[in-house]
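# Examining the three-dimensional arrangement
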Amino acid sequence: MQLIAGRASAAGFSRVALPLVARCILPSDARARSHRHVLRHRRCKRSLPTAAAEPKPVEAEAQQPESSSNLQSFLQWALANGVEGVPGSDGSKTGLYTGEGGERGVVCLQAISKGETIMRLPLRLAITDQEEEGGEEQAEDTAGVERQPWSVRLAGKLLQMVQQGDACPWKPYLAVLPRIVPSPLTTYSWDDVQAIQYPPMRRQVDHASWLASSACQQGNGAFTRDQWDWALSVVHSRTFGAPGGSSTGGAGVRMLVPLVDMLNHAGDYITSPPGQMPPLVQAGDCVRWDLKAPVGPEGEWLMDLSATRDIAEGEELLLSYGERSNDEFHLHYGFVPARNPHDDVTLFTDIEGAIDWWLAAYLPAGALPPQRLQLAINAAYNAAEQEDTSSQAAQAVLASVPRAEAAVIRAELERIKLSAGGMVDGRLLAAYRTLFEAAASQQQQQQQQQEEPAAGTAAQLGRDWQQHMRLAVARRSRELLKEMPTPLLQDLEQLAGEHTEQQQAHCWADVLKSYAAAVAAFEAEHGSLLGPSCEENERHASAAAAGSAVPVATISSGSTFSEPALPDAGADAEFARLLLQHAASDATALAPAAEERAGGSSSVLPVTYRAYKKMILTDAVLLCVA
């Protein structure tokens, strides 16, 4: 698995690479982060070693008194083991801080220039998911999890290290790991899980629970279920990924990296008003990490943390955890980023389901002769396969990981998605274009022969494949919205009434105002957003487009719906100003509040998560039918 340094790629498997940590509270004098920087991914040509030397204990004269904090002991440990730029040390331009809820972060104490190296850490301090040299005997001791997915292997190693107590060379690091990592696995009640409303995420929560339960059972009772929940939540929320070599089958190395994992997240965020396509996106991060290969016979692997732009005094050092969907942030990190442009919605679990849905929705029985129908279906599958750029690259990775892990990766690759930016999976576009052209060709032939077309076919297909694609996506989006118990506007009203600091960064009151106006304008012209029926709305849209001069959006793999059909409700400079203002403090919105992390209700988080899914689907209806 090619896991890349720096910011994670949105393509293929490299989205599962970077760490995550709990939210932080910005210092009061932190400045807004409104710069856009495109980061280049840097790949290492040499494989990481499969085992690292144990770190040195803190020398007696450097040890802190027993009454000193775990954090001070950890920083001393880092210095003793060759970490450069330890916050608060001589020559360092950074310092650690603790927020009002106990969260930690790294803040700039002296101006840092773009490209400047801020920290440098020997990777012998990292805890990796790879087996130590000496192999199978040690593998048998890893809580019985040697054939489990990487997260279980690494979690099992973490639990064993904690069990070693004072004898573990990593004890100072283990002592500063969070006792509770907020996530659905550790803090959600049954009601919270039901409140998600989005079936793909509920299945992922079920799988995460099964993974912890399975690890506990296969570990022969060495650790409790609560211990596994904690270890897995730490691993999923703090792991870095590095490129794999021949010794790992290309699957990559995952590692817990002390100190660097204390940096908080700030990724890309949308600054334009809801419904604007394509959206305007800016980056919130200001640092990146890279791996440095050994130099010379005495060299060792290093991790460098450097600035991607000038960082002002008082500004927090923020690292992008990758171009991830809200699914990953919600499931593993316990927060939903404000206005994430990399969020998406699953339209279909696979291309087979997508084709079956299209045939049921748009091709009445007898619309195509049996032979032509089979040829069209085969052509649709072939067209989708040609667009599947990830399948061949995935085979080596899938062959190198445990079967349970491979099944999860394969299922993720097969999902057909619609993104927050209006992009549609290229496989869906290719398949539906092929099916549309077959049906349209049959219609044209019937018209030339003055035959009556099959009932309903002509009214639903649209004037061309591009318009048809918009209508099909809108129709499917309507179906998914109808399956959710609460409508978008009701969720937005609930969220707009929340006045907690972490909810303010989402700008819910302004989002509600914008969507309420857009939905009202849509329904005044087209009727109910979700009814009375998909077919009736499609007939109205097709009939309107047939005599209309409205430009048609160009849709292709990786393109966006760009037809300016949505009224510009709320889309003004004041709204954009508010979004930028809130983006300056979006780090305060990255996790449930302190009382939620302590075991209280986290009911706002699933509502936040599902609202963003409904916004993607609603945008598809507003922009594709209008």
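Residues numbered from 1 in each chain as written. Predicted model: local features only at pLDDT ≥ 70, side-chain atom pairs only at ≥ 80, totals over all residues. Heavy atoms only, no water.

## Focus on the overall build of the protein
The line we're drawing: Runs of E in the DSSP output that reach at least two residues are strands. Runs of H or I that reach at least four are helices, and both are numbered from the N terminus. Summary of the burial criterion: residues with accessible area below 20% of their type's maximum are buried, those above 50% are exposed, and those between are partly exposed, where the area comes from a 1.4 Å probe applied to protein chains only. Should any heavy atoms of two residues lie within 4.5 Å, those residues are considered in contact. Here the open area of atoms and residues is found with the Shrake-Rupley method and a 1.4 Å probe, where only the protein chains shown may cover a residue.
A count of helices and strands for the protein gives 23 helices and 14 strands. Scored against the burial criterion, the 626 residues of the protein give a buried share of 57%. Across the protein, every contact between residues at least 6 apart in sequence was considered, and the portion connecting residues at least 24 apart equals 77%. When the accessible surface of the protein is summed, it comes to about 26000 Å², and 50% of that surface belongs to carbon and sulfur atoms.

## Section: the pairing of strand S13 (residues 344-348)
Our working definition: Strands pair, by our definition, only if DSSP identifies at least two bridges between them.
Burial analysis of S13 places 5 of its 5 residues in the buried class, which makes it a mostly covered element. One ladder, built from 4 bridges, connects S13 with strand S14 (residues 416-419); its direction is antiparallel. Across the sheet, Asp 344 pairs through a bridge with Ser 419, a residue of S14.

## What about the pattern of salt bridges?
Rules: The term salt bridge refers to a side-chain nitrogen of Lys or Arg lying within 4 Å of a carboxyl oxygen of Asp or Glu.
One pass over the full model with this rule turns up 23 salt bridges. The partner of Arg 415 in a salt bridge is Glu 412, with the nearest N and O atoms 2.6 Å apart. You can call Arg 415 buried: its relative accessible area is 10%. Among the ionic contacts, a cluster of salt bridges with common partners joins Asp 327, Asp 343, Asp 344, Glu 412, Arg 415, Lys 417 and Lys 613.

## Quick word on the nonpolar core
Quick note on the threshold: For this analysis, a nonpolar core means a set of buried residues of the types Ala, Val, Leu, Ile, Met, Phe, Trp, Tyr and Cys, connected via side-chain atoms within 4.5 Å.
Formed by 71 residues in total, the largest nonpolar core has its most connected members in Trp 358, Leu 428 and Tyr 432. The leading source of residues in this core is helix H23 (residues 604-625), at 12 residues. Discounting residues that sit within four places of it in the chain, Leu 428 has contacts with Leu 347, Phe 348, Ile 351, Ala 354, Ile 416 and Met 469. Counting residues in each nonpolar core, the second largest holds 62 residues, with Leu 154, Val 234, Phe 240 and Met 262 among its members.

## With respect to the sheet that holds strand S4 (residues 127-128)
Strands belonging to one sheet form pairs held by backbone hydrogen bonds; the direction of such a pair is parallel or antiparallel. The following threshold applies: Angles shown run from 0 to 180 degrees and are taken between the N-to-C directions of axes, each axis being a line fitted to C-alpha atoms and, for helices, limited to the stretch in contact.
Strand order in the open sheet formed by 3 strands is S4-S6-S5, and the pairing between neighbours is antiparallel. At either end of the open sheet lies a strand with only one pairing partner, and these are S4 and strand S5 (239-242). Relative to strand S6 (residues 253-256), S5 runs antiparallel, the two sharing 4 bridges. Residue Phe 240 lies in a different strand from S6, and its bridge partner there is Met 255. Packing of helix H8 (residues 225-238) onto the sheet brings it into contact with S5 and S6, and relative to S5 it is tilted by some 55 degrees.

## Points about helix H9 (residues 326-333)
With respect to burial, H9 is a largely interior element, 8 of its 8 residues being buried. For H9, the set of buried residues is Asn 326, Asp 327, Glu 328, Phe 329, His 330, Leu 331, His 332 and Tyr 333. Where H9 ends, the next residue or the one after it, Gly 334, has phi of about 75 degrees, a positive value.

## Focus: the environment of Val 152
Examined against the element boundaries, Val 152 turns out to sit in helix H3 (residues 150-164). The class for Val 152 is buried, based on a relative accessible area of 0%. Separated by 84 residues in sequence, Val 152 and His 236 have C-alpha atoms that sit 9.8 Å apart.

## A closer look at the packing of aromatic side chains
Just so we agree on the cut-off: Pairing of aromatic side chains requires ring centres within 6.5 Å, counting the rings of Phe and Tyr and the six-membered ring of Trp. Pairs whose planes differ by under 30 degrees are stacked, by over 60 edge-to-face, and all others tilted. Cation placement over rings: the criterion is NZ of Lys or CZ of Arg within 6 Å of the ring centroid and within 35° of the ring normal.
For the structure on display, the rule yields 15 aromatic pairs. Between the aromatic rings of Tyr 321 and Tyr 333, the centroid separation amounts to 5.8 Å while the plane-to-plane angle is 80 degrees, which identifies the pairing as edge-to-face. Here Tyr 321, found in the loop between strand S12 (318-319) and H9, pairs with Tyr 333, found in helix H9; they are 12 residues apart in sequence, far enough to count as distant. One aromatic cluster is present, formed by Phe 348, Trp 357, Trp 358, Tyr 362 and Tyr 432 through successive ring pairs. Taking the ring centre of Tyr 362 as reference, the NZ or CZ of Arg 475 above it sits at 5.0 Å.

## What to know about the pairing of strand S11 (residues 302-307)
Of all the 6 residues making up S11, 6 are buried; the element is thus mostly covered by neighbouring parts of the structure. Residue alternation in S11 divides its side chains into two sets, Leu 302, Asp 304 and Ser 306 and Met 303, Leu 305 and Ala 307, and both sets are buried. With 5 bridges joining them, strand S3 (residues 117-122) and S11 adopt antiparallel strand pairing. Bridged to Thr 117 within S11 is Ser 306. Sheet topology places strand S10 (residues 287-292) next to S11; 6 bridges connect them, and they run antiparallel. In the strand pairing of S11, Trp 289 is matched with Leu 305.

## Comments concerning unusual backbone geometry
Cis geometry is found at the peptide bond from Met 277 to Pro 278, where omega equals -5 degrees. Considering the arrangement of structural elements, one finds Pro 278 in the loop between strand S8 (268-270) and strand S9 (281-283). Positive phi, normally seen in glycine, also occurs at Leu 259, with a value near 75 degrees. Relative to the assigned elements, Leu 259 resides in the loop between S6 and strand S7 (264-265). The buried category is assigned to Leu 259, whose relative accessible area is 1%. Positive phi is not limited to glycine here, since Arg 339 has a value of about 55 degrees. Secondary-structure assignment places Arg 339 in the loop between H9 and S13.

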